[in-house]
Amino acid sequence: MLQALLYGTIAGVALCLTFGTVFFSLVQNSVDNGYRTGIKIAFGVFVCDLIFVFFAIFGTALLPDIPNFQKWMAGAGVVFLIALGLSNLIKGQPKIAYPQTRFGNLLYYFTTGFLLNGLNPVNFISWVTIASYLRTNLHYDMNQVLLFFAASVVMVFLVESAIAVFAHRLKRIFTPKVVTIFNKVTGVVFILIACQIAYTNFLK
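Computed from a prediction, not measured in an experiment: that's the story for all the values here. (Residues numbered from 1 in each chain as written. Predicted model: local features only at pLDDT ≥ 70, side-chain atom pairs only at ≥ 80, totals over all residues. Heavy atoms only, no water.)

### A closer look at the overall build of the protein chain
Move 1: Assigned secondary structure in the protein chain consists of 8 helices and 0 strands.
Move 2: In the protein chain, the succession of helices and strands from N to C terminus is α-α-α-α-α-α-α-α.
Move 3: Residues classed as buried in the protein chain amount to 42% of the 204 residues present.
Move 4: In the protein chain, the share of contacts with a sequence separation of at least 24, taken over all contacts with a separation of at least 6, comes to 85%.
Move 5: Carbon and sulfur atoms make up 71% of the accessible area of the protein chain, which totals about 11,100 Å². (Helix = DSSP H or I, 4+ residues; strand = E, 2+ residues; numbered from the N terminus. Buried < 20%, exposed > 50% of the residue type's maximum accessible area, 1.4 Å probe, protein only. Contact = heavy atoms within 4.5 Å. Areas by Shrake-Rupley, 256 points an atom, 1.4 Å probe, with all protein chains shown as cover.)

### Considerations on the nonpolar core
Move 1: Phe24, Leu26, Val27, Leu81, Ile163 and Ile197 are the most contacted members of the largest nonpolar core, which has 26 residues in total.
Move 2: Those elements giving two or more residues to this core turn out to be α2 (21-33), α3 (35-58), α4 (69-91), α5 (102-118), α7 (142-169) and α8 (176-203).
Move 3: Broken down by element, the residue count for this core peaks at 7 residues, all from α8.
Move 4: Aside from chain neighbours lying at most four places away, what touches isoleucine 197 is Ala74, Val78, Leu81, Asn120 and Pro121.
Move 5: Counting 18 residues, the second-largest nonpolar core is a separate cluster that includes Trp127, Ile130, Ala131 and Val145. (Core = buried A, V, L, I, M, F, W, Y, C linked by side-chain atoms within 4.5 Å.)

### Remarks on the packing of aromatic side chains
Move 1: Considering all chains together, one arrives at 11 aromatic pairs under this definition.
Move 2: Here the aromatic residues Phe43, Phe46, Phe110, Phe114 and Phe157 are joined through ring pairs into a cluster of three or more. (Phe/Tyr/Trp six-rings, centres within 6.5 Å; stacked < 30°, edge-to-face > 60°.)

### A word on α2
Move 1: For α2, which comprises 13 residues, the first-to-last C-alpha distance of 17 Å matches the rise-based estimate of 18 Å (1.5 Å per residue) to within 8%.
Move 2: A large share of α2 lies buried, amounting to 12 of its 13 residues.
Move 3: What α2 keeps buried is the set Thr21, Val22, Phe23, Phe24, Ser25, Leu26, Val27, Gln28, Asn29, Ser30, Val31 and Asp32.
Move 4: After α2 finishes, the residue glycine 34 shows a positive phi value of roughly 100°. (Expected span 1.5 Å × (residues − 1).)

### Side note on a nonpolar patch on the surface
Move 1: There is a patch of nonpolar side chains on the surface, built from Phe54, Phe58, Met142 and Leu146 and spanning about 360 Å² of accessible area.
Move 2: At the level of secondary structure, the elements contributing two or more residues to the nonpolar patch comprise α3 and α7.
Move 3: Turning to its location among the elements, methionine 142 is positioned in helix α7. (Patch = residues over 30% accessible without salt bridge, like charges linked within 9 Å, V, L, I, M, F, W, Y side chains within 5 Å. Salt bridge = Lys/Arg side-chain N within 4 Å of Asp/Glu carboxyl O.)

### Considerations on the confidence of the model for the protein chain
Low-confidence regions, as indicated by low pLDDT, have predicted coordinates that should not be scrutinised in detail.
Move 1: Of all residues in the protein chain, 84% have pLDDT values of 70 or greater, and the mean over the chain is 81.
Move 2: Low confidence marks residues 94-99, where pLDDT is under 50. Its contacts with residues over four positions away, or in another chain, come to 15 contacts. (pLDDT = per-residue confidence, 0-100.)

### Considerations on helix α1 (residues 2-16)
An α-helical turn contains 3.6 residues, so any two residues separated by three or four positions project in the same direction.
Move 1: Spanning 15 residues, α1 covers 22 Å between terminal C-alpha atoms, matching the ideal 21 Å at 1.5 Å per step.
Move 2: On its buried face, α1 sits against α7.

### Comments concerning the packing of α3 against α7
Move 1: Between α3 and α7, the least distance of the axes is 9 Å, while the angle of their chain directions is 165°. When the interaxial angle is binned, α3 and α7 end up roughly antiparallel. Crossing of α3 over α7 shows right-handed handedness.
Move 2: Looking at the contact of α3 with α7, its residues break down into 20 nonpolar, 3 polar and 2 charged. (Axes fitted to C-alpha atoms, helices over the stretch in contact; angles between N-to-C directions. Parallel < 35°, antiparallel > 145°, perpendicular 65-115°, else oblique. Left-handed = near helix turned anticlockwise from the far one by under 90°. Nonpolar A, V, L, I, M, F, W, Y, C, P; charged D, E, K, R; others polar.)

### Re the packing of α2 against α3
Move 1: The geometry of α2 relative to α3 is characterised by a closest axis approach of 6 Å and an angle of 150° between their N-to-C directions. Classified by the angle between their axes, α2 and α3 sit roughly antiparallel to one another. As α2 packs across α3, the resulting crossing turns out to be right-handed. The residues of α3 that touch α2, namely those facing Val22, Ser25, Leu26, Asn29, Ser30 and Asn33, are Tyr35, Thr37, Gly38, Ile41, Ala42 and Val45.
Move 2: When the residues that make up the contact of α2 with α3 are grouped by side-chain class, the tally is 6 nonpolar, 6 polar and no charged.

Have a look at this one:
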């Protein structure tokens, strides 16, 4: 059980250090709007990961039988990421309008994190691959699998929250010029990842 806990913790940290769309969104929003926005994005990722892990453990048979479901999801992800990328490139230092109520604020950033994580098919495939590896190679029983994934998902949330706090503490380094450059780089990253998803799912 201790091995499952340790491996799950390591896997959770490793999944956070891929420098994908979630990472750049966490840093950008934490710098622009405070670390609490980053934590809200991380919470959206956390809930999305819980859903992914549930289906990875108990099987995809519970998912609705939608023809070309993965391609539909990939297509939505490509559109979403390109929209975010173009927004960053065009506006430079975007000031996105979002509801000022506490619930509206939470919902906006929660949804951003959920969609950034959920609309990239690679994330779901990663959890399914890990679940398969645990059962076939490490021969984990159900308790060990549950402990592994619990440690992984919690660690992902903690590390992403720490990234948000750390980015906010470095806010004084992010002058308007630096923030503008970073946001443009973030926009390029979003578009490149969208192109990679499109190539993998529609052209390869």
